[in-house]
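# Architecture at a glance
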Amino acid sequence: MIAAWVVRKLRRRAARARMETQPRPAAQPGPVAAGAVITARSLIKRYGPVVAVDGVSFEVVAGEIFGILGPNGAGKTTTLDILEGLRDSEAGEARVLDVRMSTAARAVKARIGVQLQATALPMFTTVREAIDLFGAFYASRRPTDELLAEFDLGEKAAAYCTTLSGGQLQRLSLALALVNDPDLVFLDEPTTGLDPAARLSLWAVIEAVRGRGKTVVMTTHYMEEAERLCDRIAVMDQGRIVALDTPAALIARYAPGSSIDFEVARPIGESVFATIPGVDRAEVEGTRVRLSTTQPELVLTRVFDPSTFSAWAPAAGGGVGVAAGAAVHDLRVRTGTLEDVFVAITGRRLRE
Amino acid sequence: MTAFRAIARNVVRSSFRNRTALLFTIGLAVFFMVIFGVLFGGNGPSVRVGVVDQDRSALSRSFVQQLQRTKGLEIETGSRADEQDRLQHGKVAFLAVLERGFAAAGPDHPATITAYQSSTDTAETGAIAGEVVASTAVGFAVQHHLVGTPGIVIRPPQGVATNNVRAIDFLLPSMIAYLVLQSGINFVAIGLVDQRARKVLRRFLATPLRPAQILGANIVGGALTVFIQIVVLVAVGLVVFGARTHGSWAIAALAVLCGTATFVGIGFLLTSAVRTSEAARGLAALVAFPMMFLSGIFFPIDTAPKVFQDIVHALPLTYLSDALHSVLNDGAGLRTVGVDLVVLLAWAVGCFAIATARFRWE
């Protein structure tokens, strides 16, 4: 599990390094300071007495998938609205693609792609017509057929948007967000309401978008999604960013513990497990064992090492011995998740 | 401009794919034309004759009663001005005015009836009616021992230029007005509210489009939808129902343009009052239907009570209906309908000003 994490992480970093060394297209307004595609400084937005965005600051670098994770009402969408030029920030400064949103939002809008939370498609309009329609809004655009192929919508090209399934709709709205071949794409809860299969396929699509060198900023309240897709995550709660880092770093910092659950052939005393190096806590209930640790690799080696238990066996006089270690079955390792991170920081769960 | 055209085109295209909306606009207009055309079609077996009794004596009244008993004549009485107006509009084919001194007829001065009849469309029926009235008068004179005196003299009929407006001819301008009203209000109000509720407008705002471009394109698209429907309706009216019109189509088109501006403006105004497209549909019906019945597009409102007429004259549809009937039925020129068009434009400007100020994007 951990190994897989590291491998994935490294692969991603390598991909990003590759992208960064590639020359940027001429449309890019010169080298963005330290690769910052977005710079948000102390953004504030109130709706009446409610402070939706309360002093939010962060930077997004070129080529990454930047996630904003938080429960409903945390201020994620409002933050995106400000960066997309749909709302003005009352205070602070939003710079997108090196342009201040307060001065030249339209210029920015021409170079970004936006997917809103709702489907947002006109009635009695086919998939092809919708792409053509949005394409007409930009000075330069990608060919409709290319987008239909890329987002696997060719078969549905002549169907009304209103007849599409949830996954197809989201793919279409992604295609619309990319019609102007933007450098930066905003996705607001792209997989909310999708079934697991559609969600998985959409994740692949979003990863492919990053693969094309785009920077992606997305909101989500699914921790699995944030963990799988995002290079860095801003955890938002009640209008503020409460933590910002890579998923691994967030977990390492706020939810470092792993638990190792397994079953043994016959009951063994808690103290046996508690003495295994690296185990912080051992709970035994009959033949079920749960070990809490921050070093799961170390503990696992010991659990599968027969000598761990043979050392104990003579003292118990029961002859469990070597067999005990081999009898470990039904083993599961659960590492910390972003959900745990959120709980650790806010004391509440993401979805309640 | 490409973006503007693309949105407007999409509005027109999707409007014509919306079968429910089409059914309630052009579908209903054609349906009304069929229904009312069948109900009030043709002039019936009897000839309508207008009688004006200026003498109001026992004798003159008795003559009118005699006429009323005459088969083949449908007598209506009224003031001279009214009946002359009705003759002019082809509502009666012949007009007989019983002049003063009818009862005091003596050797020196005969009882006089002044006759008017159409010199154009209904000339033939008018002439027949004249014969019938004349023979009735002869019989009446004998009966009342007016023989020996000059009796009843019927002054030779005076030809009056009239338009014989048949039901279908009256209906076509009515249905044009109806369609401008329904289509203008519905396609813009429901279309805009629906796009707002479905966050389409918001999605458009996230593109480099200017807000004015988005609204303008939607409104122009709505107006184009109205125009195309009017063209289809007029073609159906002329070709299928054989409606006859007078006057200039250019002036009629101008009236349609002003009316479209008004009702698209009202539709635009309604969008600030509702959230959902269902509510928009309800409100559009609430505004359109009473106006439709109060503005004399289905039946004349001249005979309605005073209070009622005041309401009628406050409604913009009255002016559109008036202008279209004047032009297409009576061949009126720009001078006659100028006031109507100005009132319509004033409504349009007012609605757009308020609607623009009050429009909410979400």
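Residues numbered from 1 in each chain as written. Chains lettered and ligands numbered in written order. Predicted model: local features only at pLDDT ≥ 70, side-chain atom pairs only at ≥ 80, totals over all residues. Heavy atoms only, no water.

### Description of the overall build of chain B
- Of the regular secondary structure elements, chain B holds 13 helices and five strands.
- Looking at chain B as a whole, 51% of its 362 residues are labelled buried.
- If you take every contact in chain B between residues at least 6 apart in sequence, the share linking residues at least 24 apart comes to 81%.
- Summing over all exposed atoms, chain B offers an accessible surface of approximately 16,300 Å²; the carbon and sulfur share of this is 63%. (Helix = DSSP H or I, 4+ residues; strand = E, 2+ residues; numbered from the N terminus. Buried < 20%, exposed > 50% of the residue type's maximum accessible area, 1.4 Å probe, protein only. Contact = heavy atoms within 4.5 Å. Areas by Shrake-Rupley, 256 points an atom, 1.4 Å probe, with all protein chains shown as cover.)

### Concerning the domain arrangement of chain B
- Domain boundaries in chain B define domain 1 (2-40 + 166-357) and domain 2 (48-160).
- In this structure, domain 1 of chain B and domain 2 of chain B have C-alpha centres spaced 45 Å apart. (Domains from an automatic or database assignment.)

### Here's the deal with the nonpolar core
- One finds Ile 38 and Phe 137 of chain A to be the most contacted residues of the largest nonpolar core, which totals 103 residues.
- Ignoring sequence-local partners within four residues, the contact set of Phe 137 of chain A consists of Ala 3, Ile 7, Phe 204, Thr 207, Pro 208 and Leu 209 of chain B. (Core = buried A, V, L, I, M, F, W, Y, C linked by side-chain atoms within 4.5 Å.)

### Some details on the side chain of Thr 271 of chain B
All names here are of chain B.
- Locating Thr 271 in the fold gives a position in the loop between α9 (249-270) and α10 (277-294).
- For Thr 271, a relative accessible area of 0% gives the class buried.
- Excluding anything up to four places from it in sequence, Thr 271 contacts Val 188, Ala 189, Leu 192, Val 193, Arg 196 and Phe 359.

### Structural notes on a nonpolar patch on the surface
Residue and element names in this part refer to chain B.
- Taken together, Phe 31, Val 34, Ile 35, Val 38 and Leu 39 make up a surface patch of nonpolar side chains, about 470 Å² in accessible area.
- Relative to the helices and strands, Val 34 resides in helix α2 (residues 19-39).
- By relative accessible area, which is 35% here, Val 34 ends up partly exposed. (Patch = residues over 30% accessible without salt bridge, like charges linked within 9 Å, V, L, I, M, F, W, Y side chains within 5 Å. Salt bridge = Lys/Arg side-chain N within 4 Å of Asp/Glu carboxyl O.)

### Thoughts on empty space enclosed by the protein
All names here are of chain A.
- Throughout the structure, instances matching the rule amount to one cavity of 30 Å³ or more.
- Its volume calculated, the largest cavity comes out at about 30 Å³.
- As for the largest cavity, its lining consists of Leu 116, Gln 117, Ala 118, Thr 119, Leu 169, Gln 170 and Ser 173.
- Partitioned by chemical class, the residues of the lining of the largest cavity number three nonpolar, four polar and no charged. (1 Å grid on protein atoms, 1.4 Å probe; cavity = no way out; pocket = protein on both sides within 12 Å on 5 of 7 lines; lining within 4 Å. Points joined across faces, edges and corners; volume = space filled by probe spheres on them. Nonpolar A, V, L, I, M, F, W, Y, C, P; charged D, E, K, R; others polar.)

### Here we look at the packing of aromatic side chains
All names here are of chain B.
- This structure, assessed with the given rule, holds eleven aromatic pairs over all chains.
- A ring pair is formed by Phe 32 and Tyr 178, whose centres lie 5.6 Å apart and whose planes are at 80 degrees; its orientation type is edge-to-face. Taken together, the residues span a long stretch of sequence, with Phe 32 in helix α2 and Tyr 178 in helix α6 (residues 167-197) at a distance of 146 residues.
- Since its relative accessible area comes to 0%, Tyr 178 is described here as buried.
- The interplanar angle of 85 degrees and the centroid separation of 5.3 Å between the aromatic rings of Phe 359 and Trp 361 together place this pair among those described as edge-to-face. (Phe/Tyr/Trp six-rings, centres within 6.5 Å; stacked < 30°, edge-to-face > 60°.)

### Overview of the interface of chain A and chain B
- Chain A puts 26 residues into the contact, and the matching count from chain B is 23 residues.
- For the pair chain A and chain B, the summed buried area comes to about 2,500 Å², and 58% of that belongs to carbon and sulfur atoms.
- One can count four salt bridges joining chain A with chain B.
- Summed over the shared surface of chain A and chain B, the number is ten residue pairs in polar contact (both at pLDDT 80 or more).
- Contributions of two or more residues to the side of chain A that touches chain B are made by α3 (101-109), α4 (127-135) and α6 (166-177) of chain A.
- Ranked by residue count, the leading element in the side of chain A that touches chain B is α4 of chain A, at three residues.
- Class assignment of the residues belonging to the side of chain A that touches chain B gives a composition of 18 nonpolar, three polar and five charged. (Buried area = accessible area lost by both parts, 1.4 Å probe. Polar contact = N/O pair within 3.5 Å; in protein donor to acceptor, adjacent residues only side chain to side chain.)

### Let's talk about the pattern of salt bridges
Residue and element names in this part refer to chain A.
- Here the structure, examined in full by the defined rule, presents 34 salt bridges over all chains.
- The salt bridge partner of Asp 98 is Arg 95, with a shortest N-O separation of 3.8 Å.
- According to the relative accessible area criterion, Arg 95 is partly exposed, its value standing at 27%.
- Arg 288 serves as the salt-bridge partner of Glu 263, at 2.5 Å between the closest nitrogen and oxygen. With a gap of 25 residues between them, Glu 263 in strand β11 (residues 258-263) and Arg 288 in strand β13 (residues 288-293) connect regions that are remote in the sequence.
- Residue Glu 263 is classed as buried on the basis of its relative accessible area, which comes to 18%.
- The class for Arg 288 is partly exposed, based on a relative accessible area of 30%.
- Among the charged side chains, a network of salt bridges with common partners joins Arg 142, Glu 146, Glu 150, Asp 181, Arg 212 and Lys 214.

### A few points about the sheet that holds strand β14 (residues 329-334) of chain A
All names here are of chain A.
- Pairing is antiparallel across the open sheet formed by four strands, whose spatial order is β12-β13-β11-β14. With partners counted over all chains shown, the strands left at the sheet margins are β12 (279-285) and β14, one partner each. Direction aside, the axes of adjacent strands within the sheet are offset by 15 degrees on average.
- In this structure, β12 lies alongside β13, joined through six bridges in antiparallel fashion. Each residue of the ladder has a partner; that of Ala 282, found in β13, is Leu 291.
- Against the sheet, helix α11 (residues 296-303) touches β11, β12, β13 and β14, its axis set at about 20 degrees to β11. (Pairing = 2+ DSSP bridges. Axes fitted to C-alpha atoms, helices over the stretch in contact; angles between N-to-C directions.)

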